[in-house]
Amino acid sequence: MAKQETRSKFERMTTEPVEKLVTSLAVPTIIGMLITAFYNMADTFFVGQIGTSATAAVGVAFSLQALIQALGFLFGQGSGNFISRMLGAQNEEDAGTMASVGFFSGILSGVLIAVISLIFIKPICMILGSTETILPYAVEYLTYILLCAPITIGSFVLNNQMRFQGNAAYAVIGLATGSILNIALDPLFIFVFRLGVSGAAIATALSQLISFCILIYMNKTKAAVPVSIKHFRLDGRIYKEIVRGGIPSFARQSLASVSTIMLNTMAGKYGADAAIAGMSVVTRISMFASSVVIGFGQGFQPVCGFNYGAKLYERVKKAFWFCVKFATVFLAIAGIIMFIFAPEIIAIFRKDDPEVIRIGAFALRCQCVTLFLTATVVMSNMMLQTIGMAVPATIVAMSRQFIFFIPLLFILGAIFRLTGIMMTQAVADVCAFALSLPIVINVMKKMHE
């Protein structure tokens, strides 16, 4: 990118009103997140036509998919946070090196996790919470998901890097194209080609490949600091920055995977395949509502990074509270709607299984009660992570899905059995909110112009 263009972007990111700036960067990201979330629900919907065990298998596979995405966020957000701060400080050379190291390291990590997981795929599926009836479907689905793991991670890295450079619209094009294509290919591979669960996974893998190719093209033509193999090197200082900037996202995503495994195991203990299927559907629906908030937060992150790097701390604070207010109102409205229509929403996915509808509707309503509190938790995590405060960011990231969720899962499960398990996420949300708010307020008090 020419120096003049870089300077123009710097001036926009550090002078334009933050409300307008965040919104303009967030809108394309929100659209991309919604399309991706809709694809996740569509995948569950089409697989749900096969049967309850097949639906549960997608829920089981989601745990490992979350771990793959966690690696994408580790290298993508870890490098992206640093890139945005370097661009804010007008240091393009270090930003370019970081982009290349983050991308190629992510690809290599994908190859490693794919090889190991494919060798031990059956025991891994059992660890993820599969039952004997779910296992064949889970193995079918995960085989193809694992084969495209390096591409999936590479796509997440490129998407995050471009977003942190202020190119959210370009980053979303690749992500959204793959998701839309997946929605179209799912029924074709599952029903027309009669490939069942394997068809859903093949559709996902093919869509990921096309998305990756589009992002590669966008990165070369639209990114401020495109990746290049000649800039890749093994440097402990660079990896330290990646870990510092990416570990909160990795913790959030990977621990969500652990939590899902525990949830599947505990739900299966009290309700077998129907409970796992019901909770799987609820997870996808909750992700759809949260995707707007995450998308808005991702619009905030480059604004936060640029202005923190330029030492414009009041703009960082103003943008943060704007995002918290918007996200809280949105989640409150979404929670009310989903609470009222919970049985009808669950029935869309498994209308022929009353037990799945009963379990899913109650679990969804529990989550709706506290859904609005997650706005503060998500935005706090994103701000702390972007400004390089790895320890508090990681604590906040771990709070909702690990620090509180896991102990509460066992405690409430032991006392109230399946009902307690379905209440766990709501109680964990209250605890995470109570932890994150004072942490982020304390950090902002220490910011000075």
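Calculation criteria
Residues numbered from 1 in each chain as written. Predicted model: local features only at pLDDT ≥ 70, side-chain atom pairs only at ≥ 80, totals over all residues. Heavy atoms only, no water. Helix = DSSP H or I, 4+ residues; strand = E, 2+ residues; numbered from the N terminus. Rg over C-alpha atoms; globule rule 2.2 N^0.38 Å. Buried < 20%, exposed > 50% of the residue type's maximum accessible area, 1.4 Å probe, protein only. Contact = heavy atoms within 4.5 Å. Areas by Shrake-Rupley, 256 points an atom, 1.4 Å probe, with all protein chains shown as cover. Lys, Arg positive; Asp, Glu negative; His and termini not counted. Charge placed at Lys NZ, Arg CZ, Asp CG, Glu CD. Axes fitted to C-alpha atoms, helices over the stretch in contact; angles between N-to-C directions. Parallel < 35°, antiparallel > 145°, perpendicular 65-115°, else oblique. Left-handed = near helix turned anticlockwise from the far one by under 90°. Expected span 1.5 Å × (residues − 1).

A word on the overall build of the protein
In step 1: Secondary structure summary: the protein contains 17 helices and 0 strands in total.
In step 2: For 449 residues, the compact-globule estimate of 2.2 N^0.38 gives 22 Å, and the C-alpha radius of gyration of the protein, at 21 Å, lies within 12% of that figure.
In step 3: When its C-alpha atoms are laid out on the principal axes, the protein stretches across 60 × 45 × 35 Å.
In step 4: Expressed as a percentage of the 449 residues in the protein, the buried residues total 62%.
In step 5: Residue pairs in contact within the protein that sit at least 24 positions apart in sequence constitute 83% of those at least 6 positions apart.
In step 6: Summing over all exposed atoms, the protein offers an accessible surface of approximately 17000 Å²; the carbon and sulfur share of this is 71%.
In step 7: Of the side chains in the protein, 32 bear a positive and 21 a negative charge, and the two mean positions are spaced by 5 Å.

Notes on the packing of helix 6 (residues 135–147) against helix 9 (residues 196–222)
In step 1: For the pair helix 6 and helix 9, interaxial distance at closest approach is 8 Å and the crossing angle is 15°. It follows from the interaxial angle that helix 6 and helix 9 lie roughly parallel. For the pair helix 6 and helix 9, the sense of crossing is right-handed. Counted together, Tyr-137, Glu-140, Tyr-141, Tyr-144 and Ile-145 of helix 6 and Val-197, Ser-198, Ala-200, Ala-201, Ile-202, Thr-204 and Ala-205 of helix 9 form the full contact between these two elements.

Some details on the side chain of Thr-424
In step 1: If you trace the backbone, Thr-424 turns up in helix 17 (residues 418–445).
In step 2: Residue classification places Thr-424 among the buried positions, given a relative accessible area of 0%.
In step 3: When neighbours within four sequence positions are excluded, Thr-424 is seen to be in contact with Phe-405, Leu-408, Leu-409 and Leu-412.

A closer look at helix 7 (residues 149–164)
In step 1: With 16 residues, helix 7 ought to run about 22 Å at 1.5 Å a step, and its terminal C-alpha atoms sit 23 Å apart, in line with that.
In step 2: For helix 7, the buried fraction is high: 15 of the 16 residues fall into the buried class.

Fair warning: the whole summary comes from geometry, so function is off the table for now.
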